[in-house]
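# Geometric and topological summary
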Amino acid sequence: MAAFDDHHPPSARLLSDCVHCGFCLPSCPTYVLWGQEPDSPRGRIYLMEQGLQGEPLSDSMVGHFDACLGCMACVTACPSGVQYDRLIEDTRAQVERRHRRPARQRLLRWAIFQLFPYPKRLAVLRGPLRLYQATRLRLFRGPSTLETLESLAPPLRSVPKLPTFIAAAGPRRARVGMLTGCVQRAFFPEVNAATARVLAAEGCDVVIPRTQGCCGALSIHNGRRTEAERFARAMVDSFDGVDYLVVNAAGCGSALKDYGELLADDPGYGPRARTLADRVRDLSEILIELGPVALRHPLPISVAYHDACHLGHAQGVRAQPRKLLGSIPGLVLRELADPEICCGSAGIWNVLNPEPARDLGDRKARSALATGADLLVTANPGCFMQIAAGVRRAGGRLRTAHTAQVLDASIRGVQI
Amino acid sequence: METATRVADRLRGRVRLITDRHELRTYECDGLAQYKVIPALVALPRTTAEVALTVQACAEAGVPFVARGSGTGLSGGALPHADGVLIVTAQMRDIVAVAPDDERAVVQPGVINLDITRAATPSGYYYAPDPSSQQICSIGGNVAENSGGAHCLKYGFTTNHITGLEIVTPDGAVERIGGRAPDPPGYDLLGSFVGSEGTLGIATEVTVRLTPLPEAVRTLLAAYATTDEAGAATSAIIAAGIVPAAIEMMDALAIEAAEAAVHCGYPEGAGAVLIVELDGPQSEVDAQFAMVTQLCEASNAFALRVAAGDEERALFWKGRKSAFAAVGRISPDYIVQDGVIPRTALPEVLRRIAEIAAESGVRVANVFHAGDGNLHPLVLFDDAIEGQAERAEAVSGAILDLCVAHGGSITGEHGVGMDKAKYMPRMFTDGDLDTMQLLRCAFDPDGLANPGKVFPTPRLCGEVPGRHRGVHPLQEAGLAEVF
Amino acid sequence: MDALAALREAIGDAARPAGDADAVAGVPARFVAAPASTVETSAVVRAAAAHDLSIVVRGAGTKQHWAAPPREVDLVVETARMSGIVEHAAGDLIAIARAGTPLHELQHLGDQQLALDGPIPGATIGGTVAANTSGPRRMAYGTVRDLIIGITFVRADGVVAKAGGKVVKNVAGYDLAKLLTGSYGTLGVITECAFRLHPRPAATATVAARAATPEAVGAALSGILGARLAPTAVEVDAPASGGFTVSVQLAGVSVESRVEAVQRLIGGESIEAPQWTYPWDSGDAGLKLTMPLSRIPVVLQAVLGVRERHGVALHVSGSIGTGVLYAGLPATGDVAAVVKDLRSVCESVVVLTAPASLRAGLDLWGPVPGLELMRRIKARFDPDGRFAAGRFVGGI
């Protein structure tokens, strides 16, 4: 039985764009770790082509597809413009439908997708998690799924709930919807609060619908297309009548920008999805687009900025956050070595692949610590957790903050 | 197949192996995707000892082996042998030592070319040979192909930057030649090995010469209406006694592709662009730069840009370095050629290439090292259209003939591999090729190291004929050891 | 037909019986043949092979006393009549010359040069390539192996072989030009060589400064290298009478500011560029020492120790910019002991030349890594051991 069926297989035309030059290899985290062709973008493309030629979807093939982080560093590196992101997404959907994984893996994936895309369910975990953290117990050792989850969980603090509407400070320049996310909402509510404040300070009316659920990023990035479409429709329904939909989580922003593609087959939602997708902006994008007006107070700190893959590679947004941070008086911006290599979070990849994720997290932590900066700033909750865990393992100290929190502190004139 | 299984049995548990069919197929070609052969087995050694073990196992089983670094070669040098073992060095990527006081670095063969420079830069040094694929190509591959790059007009090729090698010869023995000091006594084994395309053995450790980072670098981009004018400018620069660090040229079609790929912002409407780079001591660079700018202006450049800093300089180069892969955007398929001509023949040869292209209805984009006459015609075609592939191949061959006819070479830096083996007789006589194969027989009498590459017809090595003159050499060796 | 008749059939009167003056390093020869072209050389070697003659090649005969004496010499192949520049393509920065051409003819080719120093006046291209001689400017330009881009030679069976070409950029086939470089005539008769050229610089200058100790020499070198002045040569001269002189050669469009920079670093003054030559006279022992750059002070310290310990007038001079030094001492000194001591601190010490009486008792080459491979190469190229038998490493 051939690997792929006719429902959105990886496109032969897109595959043929690959000229086999190998420029993608040095930026692929799995190639950097393992030095093996089948775990490189070029190799994975080759496996997809084999599938199209009639080869069956073997365990080894699936293993290599699953090992892909979906970080899209290869898309940035590729001089021939291969749309690897489309290819891996379509391939993953096929794998999900047509390949039966071992029982343990299926159970783990089921558990993850029962939890992560549901902010209310995540919220239920907050209480027990805070308690566990207060005991300072570490029940799990060594790279494993549970240890990873334990190491990733950030220290929780209590933050008041967000209102559904926040008026612009001063003249209104735009009406924006704000995505509150799932992991972000449950574990980093202070980031959402800071984001809302910054938007308001820069002259935006901020609309925060309570009906919003998950954007479906984790689902689409892991081949669960039907589920992703369901989440997308609900999201389209939630956000109506906004000039922009502002996102402060890189993974979510990249998935939302692809909604037109995701719901292309849906005659009803398709056009609305495309309209919404065109209005999606990362926080740093919209602030630069509107042009900052709120006064910035000095923040005399050194900041290492980490490009989240779904912001840098997937959305091409690299200059804007740097510009925003760089314009804060007294703030010194430092660059990490090897910025294009993923920190190893990659959505739920670190939960599914604890050992290599730990290696990548350690590398990124080393680069971050080597900058000697006071603060690590990035725009994705997954990256926070991953890098913070790596820093802890290295015995280092490095505070982390979201771009929004740094801007918020500067605008409000408080220290971060 | 059977004998490769024997090799696998010998190595299992001692060297990492790949036997899964799907995974083996990902190794069936290198950067030259037109030729594909599935290897019987892939080995991924991590140390010299593992390489030696693998080669020994092959030697004992009479199984051929092919070495591969990052698999980015453009002549099919790492094309596997269907019954053979592909020995991949990608996991041998330690930088063993960086010794700026000796101006040397010692690295494993899987280390990426650019990573050597990255490791040396903090000490004020870099590794000079810079192929366009330097962000991914391995130093072991560079050694095999004697890779060049844009800066080899001034700085030479890989062979001018290797002072030591540890190699595994085709019988599985490990030899160390040279080291950090120059001029090892005896025959130039280093010079013989570099550029031998994997046919004499596998390099398992490489000692390279590091070059001091220049005090000053200045790069300019000049746009011309025609390649003739750009070529004339190049001649004028050479005639003025200046040897730039690099002079690169791209024609209109290549510029179009590069622009689409990386948005390098080259001047619009250019029939040719010239990138000239000078480096060295500040006073020298300043003096030369003034001369070069004058010469470019005098040669009718309609736009002249001087890179303001490192970022702009990188942007000038980005277009040139992505040119090959970038043509993938304007054509579904292409052949990249690698001919060399005496630089003075450039205008004439480019004209002929344009004629040949027009005659066969095939487009050719040109990118080249204008300083040393190394052309990279990119012959564009669409494999889906009947007959186009054959015509492209014919145009490719005609271009090589043109190069040889002008006293040039069929390959400036990509190597002969399996792609150009058939053209070797156009450049060398039977006597020439036979003599080269004497060297091969000395290293690899059983013909196991990368067979089928470089030479169109292999020479049987057989027994060494002839009497020995005077005292037998081995007796001589015995005497010498007494001293 | 006897051998001489066969040779005469090949090249007419240019073949003759040998005289006393034709002895090679004291080993008498039987015949001399002077071909005027590659074709004639091929005919000569074929005739020699048919009569099983051993062959030694002679250019200007300036290095007869280098390496070991040949075990026997039936035929001296003289290259004097194969002289002249075949092609000088200035626009392409290349020149092709026949093996018998004196090196100095290529050192000044209009605005261009073969940037190779010739330590011995009168030496031919062929001999220069076969012995791989070089001088101070190797630091900037490389040696023969970096400048040679093509070669034509005649094999032991008379077959003519070419490798490389006449373009600088060329990786087609094996680089046999490098194999033959420094092969001391043991693999074939070199008949023609193609070289890459460099422009002759508009200006040159040399700064020479005294240094008191080996450490001071090392410090001077580090300082010069760190200043990124792109010197053409950095040399040391340590005459037997004592002391060290470091000299730095600069070349290019303009040199004044760099001269000043050198003087700021190491003091000294601008001097006329000295005509460099080996630090030994005829009849002395001449050595070539190689070492990594960082070990130069250690080697120079060892030189001082050797002078004292063995009471020899050891004169050392050479390129500290590349780690290649030459040392000369009178043959009356304990050459073997000196060589042994220096071998313990250097990467390699080769006795380039010594009087015949001394050579028999010396290990001229020291350890030769890869010797077995070299033997195999020799066995393939010259299975009968026809060329220069016994002159080279390991008795090759």
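The shown structure was predicted, so the numbers you read here are calculated from the model rather than taken from an experiment.

### Focus on the interface of chain A and chain B
Where interface size is quoted, it is often the accessible area lost as the parts come together. Counting from both sides, the interface comprises 24 residues of chain A and, opposite them, 29 residues of chain B. Going through the elements one at a time, helix H3 (41-52) and helix H4 (59-67) of chain A are the ones with two or more residues in the side of chain A that touches chain B. In terms of residues, the side of chain A that touches chain B owes the most to one element, H3 of chain A, which gives 4 residues. Looking at the side of chain A that touches chain B, its residues break down into 10 nonpolar, 11 polar and 3 charged.

### Observations regarding the interface of chain B and chain C
With 83 residues of chain B at the contact, the number on the chain C side is 82 residues. Mapped onto the side of chain B that touches chain C, the elements with two or more residues apiece are strand S9 (174-178), helix H7 (189-193), helix H8 (227-239), helix H10 (282-298), helix H15 (424-427), helix H16 (430-443) and helix H17 (473-482) of chain B. Ranked by the residues each element gives to the side of chain B that touches chain C, the list is headed by H16 of chain B, at 9 residues. Here the side of chain B that touches chain C is composed, by residue class, of 34 nonpolar, 31 polar and 18 charged.

### Quick notes on the domain arrangement of chain B
Residue and element names in this part refer to chain B. As far as domains go, chain B holds domain 1 (2-88), domain 2 (95-212), domain 3 (215-323) and domain 4 (331-416). Summarising the inter-unit geometry, the C-alpha centres of domain 1 and domain 4 are found 32 Å apart. With 4 residues of domain 1 in contact, the opposing surface of domain 4 contributes 5 residues.

### Description of the sheet that holds strand S9 (residues 160-164) of chain C
Residue and element names in this part refer to chain C. Strand order across the open sheet formed by 5 strands is S5-S6-S10-S8-S9, with antiparallel pairing between neighbours. Of all the strands in the sheet, just strand S5 (85-89) and S9 have a single pairing partner and so form its edges. Averaged over all adjacent pairs, the angle separating strand axes in this sheet is 10°, with direction ignored. Bridge count between S5 and strand S6 (residues 94-98): 4 bridges; the pairing is antiparallel. Counted as the bridge partner of His88 is Ala95 from S6.

### Regarding the domain arrangement of chain C
All names here are of chain C. Along its sequence, chain C is organised into domain 1 (3-80 + 380-391), domain 2 (85-199) and domain 3 (203-359). In this structure, domain 2 and domain 3 have C-alpha centres spaced 26 Å apart. Across the contact, 8 residues belong to domain 2 and 12 residues belong to domain 3. Residue classes in the side of domain 2 that touches domain 3 are distributed as 4 nonpolar, 1 polar and 3 charged.

### Considering unusual backbone geometry
The phi dihedral of Met72 of chain A falls on the positive side, at around 65°, and the residue is not glycine. Relative to the elements of secondary structure, Met72 of chain A occurs in the loop between H4 and helix H5 (73-77). Its 24 C-beta neighbours within 10 Å are what place Met72 of chain A among the buried residues. Residues other than glycine seldom take positive phi values, yet Arg228 of chain C does so here, at roughly 50°. Position of Arg228 of chain C among the secondary structure elements: in the loop between helix H8 (214-226) and strand S13 (233-238).

Reading guide: rules and limits
- Throughout, a residue's number is its position along its own chain's written sequence, starting from 1.
- Lettering of chains starts at A and numbering of ligands starts at 1, both following the order in which they are written.
- Owing to the predicted nature of the model, reporting of local features is limited to residues with pLDDT of at least 70; listing and counting of side-chain atom pairs is limited to 80 or more, with chain, interface and lining totals taken over all residues.
- Remark: residues whose backbone-derived C-beta atoms lie within 7 Å of one another are considered to be in contact.
- The way it works is that DSSP assigns letters per residue, a run of H or I at least four long becomes a helix, a run of E at least two long becomes a strand, and they are numbered from the N terminus.
- Polar here means any residue outside two lists: the nonpolar Ala, Val, Leu, Ile, Met, Phe, Trp, Tyr, Cys and Pro, and the charged Asp, Glu, Lys and Arg; Gly therefore counts as polar.
- Source of the domain bounds: an automatic or database domain assignment.
- The pairing criterion is simple: DSSP has to find at least two bridges between the two strands.
- Simply put, an axis is a line fit to the C-alpha atoms, just over the touching stretch for a helix, and the angle between two N-to-C directions goes from 0 to 180 degrees.
- Any residue with 12 or fewer other C-beta atoms within 10 Å of its own C-beta is exposed, any with 20 or more is buried, and the rest are partly exposed; the C-beta atoms used are placed from the backbone.

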